[in-house]
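# Inside the fold
In case you want the letters, here they are:
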Amino acid sequence: MKPNPDSDDDEVMTTHNSAHRTPHSAPHTPHTALRTPHFPAVAIDGPSGSGKSTVGKAIARALGYLYIDSGAVYRAVGLKALETDTSLEDSHAVAALAKEASIKLEGDPDHLRVFLDGRDVTDDIRLPHASRASSVVATIPEVREAVVKKLREMSHERGVVMDGRDIGTKVFPDALVKIFLDASINVRARRRCEEERERGRDVTVEQIGVELEERDRRDTERAATPLVKAADAIFIDTSDMPLDRVIDQVLEIIMTRS
Ligand code: DC
């Protein structure tokens, strides 16, 4: 995956680790730093397996921010469509489901639970059929509108780290910091394969690679807010970099902006 070729002002991460302070301790610059008068947002976008959730959770933990996995919301909508036998092709029906669904994320970044209409679906949304359904429903513009509204509503209470595909371009276009993570398809497939094996799924790296490429294609080629690097996002290639280092770099960027 490549950064947005249309943006000629791409920023590329080159800094190294340093001690950090919390952004709460520094005054904010209202016109660039805040999406609301009080609460900063950190947007982390990128394809599956680029390290978004590991990095996002660590940043939220370090800063005491809320962590929101926006993909979980699309997954919950996809699961609801499957469970109600709603055709994924019926965009009006799926959009209606997305609007009426109660989707809640609860718990700290390391123990995030996902509730769909009051039921804990944390594990179900990670099953292969729900993964596929999520990437199909995420192509429907009305579904995206409903999800963006829910994501913004979830983020009113305090600083938030949100990961996804359109956080810097659509959900929080005025985020304090925007990061775009990417990695080679092999590295991403290996990371995802390890996660799937930890969940007990018997898969090969090749199999996961094929699934990722199919989802990448849908995510990048859809008309509605496709996966693309925001012009002002900082691009980090995590292929050859331990995620701990990426986390330190992102924290350092946040400190310099706070
Ligand atoms: O991050 P994930 O793999 O859990 O996301 C599940 C699907 O949802 C994925 O195919 C892309 C889609 N998605 C999206 O379109 N926009 C987001 N902000 C987050 C996820």
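Above this text is the structure in question.
Residues numbered from 1 in each chain as written. Predicted model: local features only at pLDDT ≥ 70, side-chain atom pairs only at ≥ 80, totals over all residues. Heavy atoms only, no water.

### Quick word on the site of the ligand
- In the vicinity of the ligand there are 17 residues, among which Arg75, Arg144, Asp166, Arg215 and Arg222 approach most closely.
- Between the ligand and the protein, one listed contact pairs an oxygen atom with a side-chain N or O atom of Arg215 at 2.4 Å.
- Between the ligand and Arg222, the relevant distance is 2.8 Å, taken from an oxygen atom to a side-chain nitrogen or oxygen of the residue.
- Compared with its free state, where it exposes 440 Å², the ligand has 98% of that area covered by protein.
- For the shell around the ligand, the secondary structure elements donating two or more residues are helix 3 (70-83), helix 5 (128-137) and helix 9 (205-221).
- At 4 residues, helix 3 tops the list of elements feeding residues into the shell around the ligand.
- Residues belonging to the shell around the ligand are distributed by class as follows: 3 nonpolar, 6 polar and 8 charged. (Near = heavy atom within 4 Å. Polar contact = N/O pair within 3.5 Å; in protein donor to acceptor, adjacent residues only side chain to side chain. Areas by Shrake-Rupley, 256 points an atom, 1.4 Å probe, with all protein chains shown as cover. Helix = DSSP H or I, 4+ residues; strand = E, 2+ residues; numbered from the N terminus. Nonpolar A, V, L, I, M, F, W, Y, C, P; charged D, E, K, R; others polar.)

### Describing unusual backbone geometry
- With phi around 45°, Asp117 is a residue other than glycine that occupies positive phi space.
- Relative to the elements of secondary structure, Asp117 occurs in the loop between strand 5 (113-116) and strand 6 (119-120).
- Phi is positive for Thr225, close to 30°, though the residue is something other than glycine.
- For Thr225, a relative accessible area of 25% puts it in the partly exposed group. (Buried < 20%, exposed > 50% of the residue type's maximum accessible area, 1.4 Å probe, protein only.)

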